[in-house]
2 protein chains.
Amino acid sequence: MSILTRPILEISIEKLISNFKYLSSMSKGAISASVVKDNAYGIGAVEVASALYNQANCRHFFVAHAVEAERIYPFVKDASIYVLQGIGEDSLELFQKLKLIPVISSPEQLAFWNSNKIKDIKPALQIDTGLNRLGFREQDLADVNINEQDFSLLMSHLSCADIKDHFLNNRQLEKFKSLKQQYFPNTPASLAASDGVFLGKDFDFDMVRLGAAVYGINTVPYRQNIIQNIIKIKAPILQISTLDTGDFAGYDASYKAMSKRKIAIVSIGYGDGLPRILSNTGKVFFGHESAPIIGRISMDNTICDITNIPNLSVGDLATIVDDFYTIDDLGTDAQTIGYEILSRFGKNPRFAFKYA
Amino acid sequence: MSILTRPILEISIEKLISNFKYLSSMSKGAISASVVKDNAYGIGAVEVASALYNQANCRHFFVAHAVEAERIYPFVKDASIYVLQGIGEDSLELFQKLKLIPVISSPEQLAFWNSNKIKDIKPALQIDTGLNRLGFREQDLADVNINEQDFSLLMSHLSCADIKDHFLNNRQLEKFKSLKQQYFPNTPASLAASDGVFLGKDFDFDMVRLGAAVYGINTVPYRQNIIQNIIKIKAPILQISTLDTGDFAGYDASYKAMSKRKIAIVSIGYGDGLPRILSNTGKVFFGHESAPIIGRISMDNTICDITNIPNLSVGDLATIVDDFYTIDDLGTDAQTIGYEILSRFGKNPRFAFKYA
């Protein structure tokens, strides 16, 4: 018997590299950039960026904030690091120090950049083509005085690339092509993220931005996932006990035993990223056998019903995520998407991170 | 106009201290311990523990995992640090190095401790009195050979202390008193957490464990909150734009404008802790005016409708949480509790943390 207390996050760097190379092969001719924002969706931007730099020759990285670039910079020094949320007074110093490349998405940002240019750096310009999130609108391009040669990359972002036949995909593509032709005919361009590369060569342009799919998320749920899961999440049983008929379990007594039950207290909770909405509805696994979560998930612990699973001991590991029950599956059960789930799990230093 | 990109988490240390002292005054005679697990629910365990140590003379701290103790240890060196999830092979070294106090909750943990005792350390023993989570069951106490003098603290945890008249409160109290009398008559005891201190002097015993309420969460929703909010969360507008009738916004085009709208892209998303379940239903504020969240919340950005709010500029700060719309309010809107919300927000280093 092992006595363990910490949840475990296992990341297969080998499969990560394999996913990246597979996705790259789908958009041959385009540069494959790696999106490692939000600490590489929680699984460790330093480890991910280092691996992609060293083992997949990746030289273009996207983060959301300059503070995220700061963490990976020492490991990818001669790479280009683009910062999606742009540049501001609260990040200017880091941009200057690390020669980061801002993604400029509004006329106000452009004005800020023009007053704070950094030597040898040409920013990316983001235009909006229908997502109606960040990006210059068509009218902005007409209104603002823009010199194409001041920019190193033209980019936009698709809104419905996870839905193969959505009419907005082609509408955004046509708009991107048209605005590029009009304002940036000679600038390298990027439109597709992980889901966009599945839409065909027309969407590739000069650079694709590979994020979620590299981490094993199925970004194209309309088809069988051909991407490998790279994540396993486990947590040890701290205690095994029984409930008698009528006993309650967890906060606010939301679970009441209708018969004698055997329960395990597992060392993972919403503080670790297991969504509390799975209280009384979710499940964990031992082997491939599922054990229902009973009662409220608490910050550090989850109670599960192991009545039907023989031979468990304190210290055995419950499986939260594995190849047969992925981040996406957990996302569906938790009424959200794998992206949000993955982003939550990696954020707690309680996890023992294991890279293999 | 300021150009800003990062979300901001403001924490009032002054109000934190005030909350702690107020709660302490409710349980005079008992030691007030501070619960700083999960990085003090995300707001910074180092800052919280240092402040309580220096300004409120707190000398007893509870964390969930030894790795959490490691962070606060240098700032509270002569204090007692209890580790709620107990001790195991994956944490033994830290316990030895920092002289941490394990909370022993199962016979298996006790056996592990007996084989790995640390000089001069007497662990706490947790017994279960009805929560049916971690803790020795009554039968365990009868079965296992326990020497009272080996322990420094007897503790248990209430399941329904947030519901004043719940019958389980007194049932747990009576069970705790009875087991203490039988097995630990001379050991200091602790039953109440932040919500338990509102149940009356009978629940105080020798130590109360103050956590959530110190951070401004209303742990006793059956009464008006007399605890001060200590948290403000803000995020800058990155861009202001318009939607024409029929335009979509955000991923999967889940929002469609029925009339011309003015929108703001705010630099906060689910990666920062804003629950994605608030897509198309939540709100942010400018002053006290609410701006509905439209479309899907994405990892880094949230789109909101500012049609009815005049005079906004890029760089202005949207309010996500404030005194008038607290962590608890956001929790209710996101179909969960303030605890889970607070625990999420603090985990992203993108936040500019401001302690005042």
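Relevant structure appears above.
Residues numbered from 1 in each chain as written. Chains lettered and ligands numbered in written order. Predicted model: local features only at pLDDT ≥ 70, side-chain atom pairs only at ≥ 80, totals over all residues. Heavy atoms only, no water.

Chemist: I'm lost on the overall build of chain A in this one. Help?
Modeler: Within chain A one finds 10 helices and 18 strands. Here chain A, with 356 residues, has 65% of them falling under the buried criterion. When the accessible area of chain A is evaluated, it comes to approximately 12,900 Å², of which 47% is carbon and sulfur surface. (Helix = DSSP H or I, 4+ residues; strand = E, 2+ residues; numbered from the N terminus. Buried < 20%, exposed > 50% of the residue type's maximum accessible area, 1.4 Å probe, protein only. Areas by Shrake-Rupley, 256 points an atom, 1.4 Å probe, with all protein chains shown as cover.)

Chemist: What should I look at first to understand the environment of Lys97(A) in this one?
Modeler: Mapping Lys97(A) onto the fold places it in helix α5 (residues 92–98). It is 36 Å that separates the C-alpha atoms of Lys97(A) and Ser178(A), two residues lying 81 residues apart in sequence.

Chemist: For this particular structure, what's the right way to read the interface of chain B and chain A?
Modeler: Note on interface size: it is often stated as the accessible area lost on association of the parts. If you look at the interface, chain B gives 82 residues, while chain A gives 82 residues. Its largest share of buried area at the contact with chain A, chain B owes to Ile3(B), Arg133(B) and Gln239(B), together 10% of the area lost on that side. Note that Arg350(B) is salt-bridged to Glu68(A), the shortest N-O span being 2.6 Å. Put simply, chain B and chain A have 42 residue pairs in polar contact (both at pLDDT 80 or more) between them. Counting only elements with at least two residues in the side of chain B that touches chain A, the list comes to α2 (37–41), α4 (66–72), α6 (107–115), α8 (167–183), β10 (231–243), β11 (248–249), β13 (261–266) and α10 (338–345) of chain B. Residues belonging to the side of chain B that touches chain A are distributed by class as follows: 35 nonpolar, 27 polar and 20 charged. (Contact = heavy atoms within 4.5 Å. Buried area = accessible area lost by both parts, 1.4 Å probe. Salt bridge = Lys/Arg side-chain N within 4 Å of Asp/Glu carboxyl O. Polar contact = N/O pair within 3.5 Å; in protein donor to acceptor, adjacent residues only side chain to side chain. Nonpolar A, V, L, I, M, F, W, Y, C, P; charged D, E, K, R; others polar.)

Chemist: What am I meant to see in the layout of surface pockets here?
Modeler: Taking a probe equal in size to a water molecule and rolling it over the atoms shows the remaining empty space. Taken as a whole, the second largest pocket holds about 770 Å³ of empty space. Lining the second largest pocket are 40 residues, with Asp195(A), Ile337(A), Tyr339(A), Tyr251(B) and Tyr270(B) sitting closest to its centre. At the level of elements, α2 (37–41), α9 (327–333) and α10 (338–345) of chain A are the ones that each hand at least two residues to the lining of the second largest pocket. (1 Å grid on protein atoms, 1.4 Å probe; cavity = no way out; pocket = protein on both sides within 12 Å on 5 of 7 lines; lining within 4 Å. Points joined across faces, edges and corners; volume = space filled by probe spheres on them.)

Chemist: Is there a simple way to explain the relation of the copies chain B and chain A in this structure?
Modeler: The relation between the two chain copies is a rotation about an axis coupled with a shift along that axis. Taken as rigid bodies, chain B and chain A are interconverted by a rotation of 180° and an axial shift of 0.0 Å, the fit giving an RMSD of 0.0 Å. Taken together, the rotation and translation describe the operation of a two-fold axis. When each C-alpha of chain B is compared by its distance to the rotation axis, Lys347(B) comes out closest, at 3.0 Å. Taken together, the interface assignments show that 100% of the residues at the interface of chain B recur at the interface of chain A, consistent with an identical surface on both copies. (Least-squares fit on C-alpha atoms with pLDDT ≥ 70 in both.)

Chemist: Teacher, can you tell me more about α6(B) here?
Modeler: Side chains that are three or four residues apart share a direction in an α-helix, a result of its 3.6 residues per turn. All names here are of chain B. When α6 is considered as a whole, its buried residues turn out to be Gln109, Leu110, Phe112 and Trp113. Taken end-on, α6 shows its buried residues confined to a sector of 160°, consistent with a single buried face. Buried residues along α6 sit against α5 (92–98) and β5 (101–104). (Arc of directions from axis to C-beta.)

Chemist: When you look at empty space enclosed by the protein in this model, what are you seeing that I'm missing?
Modeler: Tallied over the entire structure, the rule returns five cavities of 30 Å³ or more. Pro275(A), Ile277(A), Arg344(A), Ile277(B) and Arg344(B) are, among the 18 residues lining the largest cavity, the residues nearest its centre. Taken together, the elements giving at least two residues each to the lining of the largest cavity come down to α10 of chain A together with α10 of chain B. Broken down by class, the residue content of the lining of the largest cavity amounts to eight nonpolar, four polar and six charged. In this structure, the second largest cavity encloses a volume near 90 Å³. Forming the walls of the second largest cavity are 14 residues, and the residues nearest its centre are Ser343(A), Arg344(A), Lys347(A), Arg344(B) and Lys347(B). Those elements that place two or more of their residues in the lining of the second largest cavity are α10 of chain A together with α10 of chain B. For the lining of the second largest cavity, the per-class residue count stands at two nonpolar, six polar and six charged.

Chemist: In this structure, what is going on with the pattern of salt bridges? I would like to understand it.
Modeler: When their charged atoms lie close together, side chains carrying opposite charge are able to pair. Enumeration over the complete set of coordinates arrives at 32 salt bridges over all chains. Among the salt bridges present, the one from Glu174(B) reaches Lys177(B), with a minimum N-O distance of 3.6 Å. Residue Glu174(B) and its partner Lys177(B) are located together in helix α8, separated by three residues, close to a single helical turn. Accessibility expressed as a relative area gives 36% for Lys177(B), which makes it partly exposed. Each of Lys37(A), Glu68(A), Asp272(B), Asp300(B) and Arg350(B) takes part in a single network of salt bridges with overlapping partners.

Chemist: Sorry, what's going on with the pairing of strand β5 (residues 101–104) of chain A here?
Modeler: Consecutive side chains of a regular strand alternate in pointing toward one face of the sheet and then the other. Residues and elements named next belong to chain A. Side-chain alternation along β5 places Ile101 and Val103 on one buried face and Pro102 and Ile104 on a second face that is also buried. Summarising the sheet, strand β4 (residues 80–83) and β5 pair through two bridges and their orientation is parallel. Bridging across to β5, Val83 finds its partner in Pro102. In this region the chain leaves β4, passes through α5 and returns to the parallel neighbour β5; the handedness of that crossover is right-handed. Pairing of β5 with strand β6 (residues 124–126), which is carried by two bridges, proceeds in the parallel orientation. Bridged to Ile104 within β6 is Leu125. On the question of chirality, the crossover connecting β5 to the parallel β6 by way of helix α6 (residues 107–115) is right-handed. (Pairing = 2+ DSSP bridges. Right-handed = clockwise from strand over helix to strand, strands pointing away.)

Chemist: Can you help me understand the side chain of Asp252(B) in this one?
Modeler: For Asp252(B), the location among the structural elements is in the loop between β11 and β12 (255–256). Side chain to side chain, Asp252(B) and Arg296(B) meet in a polar contact 3.1 Å long. Leave out the neighbours within four places in its chain, and Asp252(B) touches Ser159(A), Cys160(A), Asp162(A), Ile163(A) and Arg296(B).

Chemist: Please clarify how the packing of helix α1 (residues 13–26) of chain A against helix α3 (residues 45–55) of chain A should be interpreted in this entry.
Modeler: Packed helices, taken two at a time, are described by the angle between their axes plus the distance between the axes. Residue and element names in this part refer to chain A. Closest axis-to-axis distance for the α1/α3 pair is 10 Å, and the angle between their directions is 60°. Classified by the angle their axes make, α1 and α3 are oblique. In this structure, the crossing between α1 and α3 has a hand that is right-handed. Facing α1, whose interface residues are Ile13, Leu16, Ile17, Phe20 and Lys21, α3 presents Glu47, Val48, Ala51, Leu52 and Gln55. Here the residues of the contact of α1 with α3 sort into seven nonpolar, one polar and two charged. (Axes fitted to C-alpha atoms, helices over the stretch in contact; angles between N-to-C directions. Parallel < 35°, antiparallel > 145°, perpendicular 65-115°, else oblique. Left-handed = near helix turned anticlockwise from the far one by under 90°.)

Chemist: What should I look at first to understand the nonpolar core in this one?
Modeler: Within soluble globular proteins, side chains that are nonpolar tend to cluster in buried spots. Ranked by size, the top nonpolar core spans 233 residues in total, and within it Leu16(A), Tyr215(A), Phe286(A), Tyr215(B) and Phe286(B) carry the most contacts. If near-sequence neighbours (up to four positions away) are discounted, Phe286(B) is found in contact with Ile237(B), Val266(B), Ala291(B), Cys304(B), Ile306(B), Ile309(B), Leu312(B), Leu317(B) and Ala318(B). (Core = buried A, V, L, I, M, F, W, Y, C linked by side-chain atoms within 4.5 Å.)

Chemist: Mind showing me how you'd approach the environment of Tyr339(A) here?
Modeler: Mapping Tyr339(A) onto the fold places it in helix α10. For the pair formed by Tyr339(A) and Ala213(A), sequence separation is 126 residues and the distance between their alpha carbons is 9.8 Å. In this view, Tyr339(A) contacts Tyr41(A), Ala212(A), Ile217(A), Thr219(A), Tyr270(B) and Met299(B); residues no more than four positions away in its chain are not counted.

Chemist: I would appreciate a short explanation of the sheet that holds strand β8 (residues 189–193) of chain B in the present structure.
Modeler: Hydrogen bonds between backbone atoms are what pair the strands of a sheet, whose relative direction is either parallel or antiparallel. Residue and element names in this part refer to chain B. Spatially, the eight strands close up into a barrel ordered β2-β3-β4-β5-β6-β7-β8-β9, and their pairing is parallel. In this sheet, neighbouring strand axes are inclined to one another by 30° on average, regardless of whether the strands run parallel or antiparallel. Looking at chain direction, strand β6 (residues 124–126) and strand β7 (residues 153–155) are connected through three bridges and run parallel. Directly across from Leu125, in β7, lies its bridge partner Leu154. This element, α8, spans β7 and β8 of the sheet and lies at about 165° to β8.

Chemist: Is there a simple way to think about the packing of aromatic side chains in this case?
Modeler: Each aromatic ring pair is described using two quantities: the centre-to-centre distance and the angle formed by the ring planes. Scanning the model with the defined rule gives 22 aromatic pairs over all chains in all. Ring geometry for Phe285(A) and Tyr325(A): centres 5.0 Å apart, planes at 50°, overall tilted. Placement of the pair is Phe285(A) in strand β14 (residues 283–286) and Tyr325(A) in the loop between β17 (317–321) and α9, with a sequence separation of 40 residues. On the accessibility criterion, Tyr325(A) (5% relative accessible area) is buried. Aromatic side chains Phe285(B) and Phe324(B) sit 5.1 Å apart centroid to centroid with 90° between the ring planes, which places their arrangement in the edge-to-face category. Here the residue Phe285(B) occupies a position in strand β14 (residues 283–286), and Phe324(B) occupies one in the loop between β17 (317–321) and α9 (327–333), the gap between them amounting to 39 residues. When its relative accessible area of 6% is taken as the criterion, Phe285(B) is described as buried. The ring centre of Tyr53(A) lies 3.6 Å from the NZ or CZ of Arg59(A), which sits over that ring. (Phe/Tyr/Trp six-rings, centres within 6.5 Å; stacked < 30°, edge-to-face > 60°. Lys NZ or Arg CZ within 6 Å of the ring centre and 35° of its normal.)

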